[in-house]
Every structure is written in structure tokens, then in C-alpha cells.
Amino acid sequence: MNRTLTILVWLVAFASLAMLPQLLTIKYYLHLSILALIWVIMAQGQNLIQGYTGYVSIVGAGFMGIGAYSSTLLGIHFHLPTWATIAMAPLVTALFALATGYPSLRVKGHYFAIVTLAFNLIIVIVLINYKELTNGETGISNIPKLWGGSRDAYFYLVLVLAACLTLLAALIARSRVGEILLAIRQNEDLVGSIGIAAWKYKLFAFVVSAMYAGLAGALYAHFQGFINPEIFGVAQSLDAILAVILGGSGTIAGPVIGAFLVVFLPELLRFADSFRLILYGLILVLATIFMPIGIVGVCKAAIRRLSRKDIRSDA
Amino acid sequence: MFNRVKTGALAALAMALATTSAFAAEKKLTIGVADALTGGGAVYGLPQANAVRMAADEINAAGGIKVGSDTYKIDVIAYDDKANPTEATNAVRKLIDRDGVKYILGFCCSGSTSAVASFIGNEKAVMLVGNAAERSITTKKIPNLVRTRPPADFTGQAAGTFIARKGQKRIAVIGALDVGFYAQYVDSVERELKKVGSEIIAREVFTLRDRDMTPQLTKIRALNPDAILVVGYVESAAFVYRQAVELGMNIPRYGFTSGSEEQFLRVTTSAQMEGVWDLRPTELDLLSASKNGIAYHANYTKRYNATPSPSSPYAYDQLYVLKAAIEVAGTVDDTVAVARAIRALAIPPQVVMQYLPVDGKMFDVNGQAYTTNGAFQWQKGKWVFVEDLPSDAKAYSQFLSTLN
């Protein structure tokens, strides 16, 4: 696909999404769309460390929790306006990511995944036990909402943020930094051998990924109005990983598609009652086995095949 | 000839009108249930959903809900919330936004219930909470929310008095203390123990998914306590009781679980359970049950081929409360009027649990109902109701009103 066509597809997608509040008469779907857009932000961040750098991080939901709690608590204790606390949440998350990223990135592969998994567990344990601050497992209710809780307005806020952060992820991926991240994924030793300090780039990807998650967490908290530690457990981190794999790892469109899938699919399967989770699991297993390159990868391969056929038939 | 045609036409018209008015009078009222139908919370959520379905069928068979000249037959839609806050929010949004439901029942678990409670005040809907025991659910003064189960610390206070009376001085606690309402229960117990010079010497924690509690029990055994107190979901608690016996801990075992015999016997044996106390709201138990309770037990067992969990009538009662309130309010559309009618309601005669009225009403100003508390003991394969635990609903209600 040439660049103009790609931009056109993105613009059409954005315009279609922007029309959703007018088109959707049943607001439940708007509710899910807002959650999906929050997950787009989360998945784009996850894609930077997982898809581009090749490091599978299992702490995404933990960072989402840090963002959610920091925005909520800054609002409660310092009476800051909600928009300001949402803006500060990724910065607070970045501090935690710097502290955890440095030791985590000293190891590679499965070891990195396990270390980040442990960090996610630690974050949840702290959220549960530091009751004086977080109210423990009971959670925090009545978190202030923007615009009196208007879902339409919030949808546009999240849509614009998701679009901007997707654009930012694309810019990073196309920049020299993005190329180095890809090179690290392909052969980290080779990157080191030509004098590039790979750890700096890995830390950059890890921290930026955490900032995306922190912002997603803050947006989640002020949308739902309630948070407790359970929401930010390892299961949610795995959902972020799945969103990237399902959509297409190392692509910009992949996390967008994957995020909508992980939010909408379990809801669409509600008709199956208690078999819902079995069905959901089965779909995920089959998709991972038969579409390891994700939906975007499959579509790209199909387009390539079609264009080759066209060239042959023209000849 | 003309007269015969005219008579025939009039008869047909009359029949058509009669049929139309019959159709107009019988309407459908869709009730939503949001509960844990899968996962760890399903031991409470699934029986609650079953109980609502059973109550709906009973009400329909008895003629439905009468509102003026209309009769409403109840239709139940149940969605799984996996006891997860996000899932619960999605399920309730679906019920309200897509299915047009105004009355939502169920809610067995505290985290998911708190998530829904945080926005239900802005909705034209009424939320009836069942087994979720977290105290803060009814401290927010949400006008369209009521709860049939008393908060955990209301029961904890009565349980503490009971344990103190038994004379044990050093109690070790093992439980899901990360969960707010279990911690509140233990805090209340501790306050009562302190009054008689007894104390809690250990607070060992397990998570709701843990199955091997021998490390915590070994540590407790080394402290040589006079008794243990177990607080947690049925399955986890059953493992604790079993493993305590396997470790040779021959001391009194108290608990706060609300599990049925069938649920416990999936994990442990009757011999390992012998003598265990469950200090909980006087929920469904054949020895303590009213006529309604006995009938409920029999009907549920027949219908689902399983015995009901002791806490399942909280949800069953919700539907009878709703029926009574709608009939008093004379409307199904005005949720504000129905919510107000619920708060003013005396205890309906069909309910199963033994509620303690506050100022003659089933729910206090906080929207909270109270049941009596009881001491149950496992004797020869069954929970046996031993005695009532003195509980002052009015005093607790006043205390609850001071919180926010």
C-alpha cells in the first residue's frame, strides 16, 4: 500500500470512529468503544516494547494501575483538577518505570518476562496492602468524572488521545530510534557490536510503554469512577500482550484492531453463558496458532498475494 | 339475514376488543441479574441467579406483579460479571443501555458491586445487592440502592461476643484478609475479644485462589493458639479445615464462610469438618428456617438438583421485595417511586431470610437490611443451628449512618 492510501485509510477510520456517538443509539456500545480506545493507548505502548523491541513485558496492567491510582490520589489529596491529574499520571508512571526498567532490562527473553511479571504482582500487593493510601481491596469509589460523566464528550477525548498516541508511536517507529529498536529485536548483540548502547533504547521503549499504560489507567479511572487492585492484575497485562499479538505485533494498526478485539469479543460472546470464557480462550488459541503474524499481517499477506496475481494477469 | 350478520360482526368485534384488552393488561417486566456465574465467586453468584429465576417463575405462576389494571410477567436476563469490576460495569451497562432493564438484582461479590454502585446513582434504575458484604456499599446513601445482606462487621461483632463467651484467650486468624469485608469482620471480632481480655495472636493471609494453606497453619500451630478463626470463600476455608486436621491441630475452629454441606464436602470429609463453627448471618438452614425457608430449600433442590447455598435467598428475597415495592408504587416505569417504596417497605411475608426490622421497615435509612446472626456447628455431616447470636440492628444502623 502506498503512503497516500495508508493515510487515507487512517483518516477514514478516524472519521468513522468520530461519527460513532451519533450513529450508536445504544450507548452500551459507546461505553465499550471508550474502553476499547483506552486499550488502544495501552496496546500501542505495549507494542513499542513487545512488538518493536522484542521484549515481552508483563507489567503493563501494573503501570496502568499506577497511572489510575496516581491520578485519583492526586485529585483527592491535592485537590488538583482532573485534567491536570490525568496529564500527570504518565509522568508518575515514568518514574516507577525508570526504577523498575533498569534492573529488569539487565535480563533478556523469558527472564525479562518473569521479572516484569513479578513487578506486576508486587504492584498489586502494594495496592492491596497500603490501605491507608489506596483503600486496599475495597478500592476507591466516586472518582471525579470529566464533563459531568458525559460519555459522548469523554469518547472524543479518548479518541483524540488514542489517535495522537498512535501517531506518536508511528513517528517513533519510523525514526532512527525505531530502527534501532527493530535492530535490537533482530539481533541485540549485533547492535552492541557497532557501538550502540542498546540498554538506553530498551529503557526508552520500556518507559514510553509505561507512560502509555499510565495514561490509559488514568483515563480508565476517570471513566469508570471506581478502581481497585483487581483491575490491574496479571490477567489484564496478558490481555495487553494478546491485543498486540492478535492485531499484529510490530505494526501500527495491529494494536488498534487487537484492542477492539479484547474488549468487544468477550462481550459479544455473552450469548454463550458459562461457555463464554471457553469460547474466548479457544478463539485466542486458534488465532495465535493460525495467525501468528496477527490480523494486520494476514491482511498484508493477502494484499501482496492479490497484487502479485494482478501483475501476472497484466503480463 | 342482515341482523344475523350484524350480530356476528358485533360478536367478532367484542371478542377482538376482549382479546386486545387481555393482551394490553398482561405485560412483560424484564429484570436483570449481574452476578459471578463463573470463576471463584460463582459459588455465591450462580445460586443467587438460580434463586432469582426460581422466584420469577413462582411470581409468574401466581399471577405476576399487579400494577393497577395491568399484570406484569417477569422475564430474567442474567449476565456473568466474573466478580470483576470492569466486567460488572460492562454487564450492567448492557442491561441498562441495550436491554432497557430498570431493576438489577444479584451482586454476590464486593469489588464488582462497588464498581456498579459508583455510578448507579446517576441511572434511572434500581440496584438490589445480595451477598456482597463490604460495608461501604451502603454508606454512600445512594437512594436507588438497597442490600439484603448485612455488612460483615455487623456479624463480626456478634461472632466476637460468641467466641469470647467460649473462653478461648488466644485466637489465630487465617483468611482472605486482603478482602475488605473479611478484614472488617475480624476487626469486629477482635474488638469484642479485647473486652474480655482475649486477643488475636496471628493474622495469616491466603488469597482466594490458594489451596495449600499448610505453611500458614504450620506457623499458627507453633504459636499454640486456643482456637483458629477462618474467614474466606467456601473452597479456601474447606482446605484450611481439612489441612488443620491433617496437621493434628485439635483445637476449636471458627469460621465465616456461608457454605453449604455439599460445597464443603467437595473438598473435605465430614469427619474433618466435625465440630467446626460457622458464625454468620442466620441464612438458610433447615433447622433454623421458617416455613418459607423449608419450602425454598425443597423447591430449589427439586428444580436444580442441588441444594441451595445458604446465602442464595438474599437474591430470592430481592425479587419479592421488588414485587411488593412495585405494587405499592403502582408503577414499573418510575424507578424513583419504586426505590422510595422499597425503603418504606415492611418485611414482605414471602421472604426466606429472617430479617430484623429497623423502625418497622425492612431497610434502614442507608438502604441496608439486617438478618439475625447465628452460630452453626457441623455435626455428623450437617450444619446444625445451635443458637442465635444477639445482634442490635438499630444500634448498628445508627453507626452505619455516621460513615461515608
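Rules used throughout
- Numbering of residues starts from 1 in each chain and follows the order in which that chain's sequence is written.
- Key to labels: chains lettered from A, ligands numbered from 1, both in the order written.
- Local features are withheld for residues below a pLDDT of 70 in this predicted model, meaning they are given only at 70 or higher, and side-chain atom pairs are given and counted only at 80 or more; totals for whole chains, interfaces and linings count all residues.
- Going along the chain from the N terminus, every DSSP run of H or I of four or more residues is numbered as a helix, and every run of E of two or more is numbered as a strand.
- The globule rule used here is 2.2 Å times the number of residues to the 0.38 power, and the radius of gyration it is set against is calculated over C-alpha atoms.
- Burial is judged by counting other C-beta atoms within 10 Å of a residue's own C-beta: 20 or more means buried, 12 or fewer means exposed, and anything between counts as partly exposed, with every C-beta placed from the backbone.
- Note on contacts: each residue gets a C-beta atom placed from the backbone, and two residues are in contact if those atoms are within 7 Å.
- Note on geometry: axes are lines fitted to C-alpha atoms, helical ones only across the stretch in contact, with angles between N-to-C directions running from 0 to 180 degrees.
- Any angle that is under 35 degrees is reported as roughly parallel, and any over 145 degrees as roughly antiparallel; angles of 65 to 115 degrees are reported as roughly perpendicular and all others as oblique.
- Note on convention: near helix rotated counterclockwise from far helix by under a right angle means a left-handed crossing. Clockwise means right-handed.
- Note that Gly is not counted as nonpolar here; it falls among the polar residues with everything else outside the nonpolar set of Ala, Val, Leu, Ile, Met, Phe, Trp, Tyr, Cys and Pro and the charged set of Asp, Glu, Lys and Arg.
- Either an automatic procedure or a domain database provided the assignment from which the domain bounds are taken.
- What makes a nonpolar core is a set of buried Ala, Val, Leu, Ile, Met, Phe, Trp, Tyr and Cys residues, with links drawn between C-beta atoms within 7 Å.
- When DSSP finds at least two bridges between two strands, those strands are taken to pair.
- Take the number of residues in a helix, subtract one, and multiply by 1.5 Å to get its expected span.
- A residue's bend is simply the angle between two axes: one fitted to the seven residues ending at it, one to the seven starting at it.
- Handedness of a crossover is defined as follows: orient the strands so they point away from the viewer, and if the path from the first strand over the helix to the second runs clockwise, the crossover is right-handed.
- Confidence scores per residue from the predictor, reported as pLDDT, run from 0 to 100.

1. A few points about the overall build of chain A
Within chain A one finds 14 helices and 0 strands. Along the chain direction, N to C, the helices and strands of chain A fall in the order α-α-α-α-α-α-α-α-α-α-α-α-α-α. For 315 residues, the compact-globule formula gives about 20 Å, and the C-alpha radius of gyration of chain A, at 20 Å, lands near that figure. Each of the three principal axes of chain A carries a C-alpha extent, and together these read 70 × 55 × 40 Å.

2. As for the overall build of chain B
Looking only at helices and strands, chain B has 14 helices and 13 strands in total. Relative to its length of 404 residues, chain B is compact, with a C-alpha radius of gyration of 24 Å against a globular reference of 22 Å. Once the C-alpha set of chain B is aligned to its principal axes, its extents read approximately 100 × 45 × 35 Å. Within chain B, the proportion of its 404 residues that are buried is 56%. Residue pairs at least 24 apart in sequence account for 70% of intrachain contacts in chain B once pairs closer than 6 positions are excluded.

3. As for the packing of helix α11 (residues 234–247) of chain A against helix α12 (residues 253–268) of chain A
Residues and elements named next belong to chain A. Relative orientation of the contacting elements α11 and α12 amounts to 125 degrees, with a least axis distance of 7 Å. Here α12 runs oblique to α11, going by the angle between their axes. Read as a crossing pair, α11 and α12 show a hand that is right-handed. Residues Asp239, Leu242, Ala243, Val244, Leu246 and Gly247 of α11 form the contact with α12, whose own contacting residues are Gly254, Pro255, Val256, Ile257, Gly258, Ala259, Leu261 and Val262. The class makeup of the residues in the contact of α11 with α12 is 10 nonpolar, 3 polar and 1 charged.

4. Points about unusual backbone geometry
Residues and elements named next belong to chain A. Positioned with a positive phi, histidine 79 is a non-glycine residue whose angle comes to about 55 degrees. The backbone phi angle of asparagine 142 is positive, close to 50 degrees, even though this residue is not glycine. The residue asparagine 142 is located in the loop between α7 (131–134) and α8 (151–174) in this model.

5. As for the domain arrangement of chain B
Where interface size is quoted, it is often the accessible area lost as the parts come together. All names here are of chain B. For chain B, the assigned domains are domain 1 (23–151 + 289–372) and domain 2 (153–283 + 375–401). One C-alpha centre belongs to domain 1, the other to domain 2; they are set 28 Å apart. Each partner contributes residues to the interface: domain 1 has 28 residues there, and domain 2 has 27 residues. Considering only residue class, the side of domain 1 that touches domain 2 consists of 12 nonpolar, 12 polar and 4 charged.

6. Digging into the nonpolar core
Counting 218 residues, the largest nonpolar core has Ile38 and Trp39 of chain A together with Val52 of chain B as the members making the most contacts within it. With 16 residues, helix α10 (residues 198–224) of chain A is the single largest residue contributor to this core. When we break this core down by domain, the ones giving at least three residues each are domain 1 (23–151 + 289–372) and domain 2 (153–283 + 375–401) of chain B. Non-local contacts of tryptophan 39 of chain A, meaning those with residues more than four positions away in its chain, are made with Ala243, Ala259, Val262 and Val263 of chain A.

7. Re the interface of chain B and chain A
On the side of chain A, 24 residues touch chain B, which itself brings 26 residues to the contact. If you list the elements that add at least two residues to the side of chain B that touches chain A, you get β3 (70–80), α3 (85–98) and α4 (110–120) of chain B. It is α3 of chain B that provides the largest number of residues to the side of chain B that touches chain A, a total of 8 residues. Per-class residue counts for the side of chain B that touches chain A are 7 nonpolar, 11 polar and 8 charged.

8. As for the sheet that holds strand β13 (residues 382–389) of chain B
Residue and element names in this part refer to chain B. On the basis of which strands lie adjacent, the open sheet formed by 7 strands has the order β8-β7-β9-β10-β11-β12-β13 and mixed pairing. The sheet is open, and its two borders are formed by β8 (199–205) and β13, each paired with just one other strand. With strand direction ignored, the average angle separating the axes of adjacent strands in the sheet is 25 degrees. Across 4 bridges, strand β9 (residues 227–231) lies against strand β10 (residues 253–256) in parallel orientation. Along β10, the bridge assignment pairs valine 230 with glycine 255. Against the sheet, helix α8 (residues 234–246) touches β7 (170–175), β9 and β10, its axis set at about 155 degrees to β9.

9. Brief notes about the sheet that holds strand β6 (residues 145–147) of chain B
All names here are of chain B. Pairing within the open sheet is mixed, and its 6 strands lie in the order β2-β3-β1-β4-β5-β6. With one partner strand each, in any of the chains shown, β2 (65–67) and β6 form the two edges of the open sheet. Adjacent strand axes in the sheet meet at a mean angle of 30 degrees when their direction is disregarded. In the sheet, strand β4 (residues 103–106) pairs with strand β5 (residues 126–129) via 2 bridges, with the strands oriented parallel. Note on β5: the bridge partner recorded for tyrosine 103 is valine 126. Those strands touched by α3 are β1 (26–35), β3 and β4, and its axis lies near 170 degrees from that of β1.

10. Some words on the pairing of strand β12 (residues 373–379) of chain B
All names here are of chain B. Counted residue by residue, β12 has 5 buried out of 7 residues, so it is predominantly covered. Relative to β12, strand β11 (residues 277–281) is paired through 5 bridges, and the arrangement is antiparallel. When the bridges of β12 are listed, arginine 280 appears paired with glycine 374. Where β12 folds back on β13, the antiparallel hairpin that results is connected by 2 residues, among which lysine 380 adopts a positive phi of roughly 50 degrees.

11. Some words on α12 of chain A
Residue and element names in this part refer to chain A. Given a rise of 1.5 Å per residue, 16 residues ought to cover 22 Å, and the 22 Å separating the end C-alpha atoms of α12 matches this to within 8%. At valine 262, α12 shows its largest kink, close to 30 degrees, and the proline proline 266 lies no more than four residues downstream. Those residues of α12 that sit buried are Ala253, Gly254, Pro255, Val256, Gly258, Ala259, Phe260, Leu261, Val262, Val263 and Glu267.

12. Quick word on the pairing of β4 of chain B
Residue and element names in this part refer to chain B. Residue alternation in β4 divides its side chains into two sets, Tyr103 and Leu105 and Ile104 and Gly106, and both sets are buried. Note that β1 and β4 share 4 bridges and pair parallel. Residue pairing in the sheet places glycine 32 in a bridge with isoleucine 104 of β4. Read from β4 through α4 to β5, the crossover connection turns out right-handed.

13. Points about the confidence of the model for chain B
Overall, the predicted model of chain B reaches an average pLDDT of 90, with 93% of residues at or above 70. Within the model, the stretch residues 15–22 of chain B combines pLDDT values under 50 with 0 contacts to residues more than four positions away or in other chains.

14. Regarding the environment of valine 256 of chain A
Residues and elements named next belong to chain A. As for its placement among the helices and strands, valine 256 is situated in helix α12. Note on valine 256: 27 C-beta atoms within 10 Å, which makes it buried. It is 8.1 Å that separates the C-alpha atoms of valine 256 and alanine 243, two residues lying 13 residues apart in sequence. If we skip the residues at most four places from it in the chain, valine 256 touches Val40, Thr166 and Gly247.

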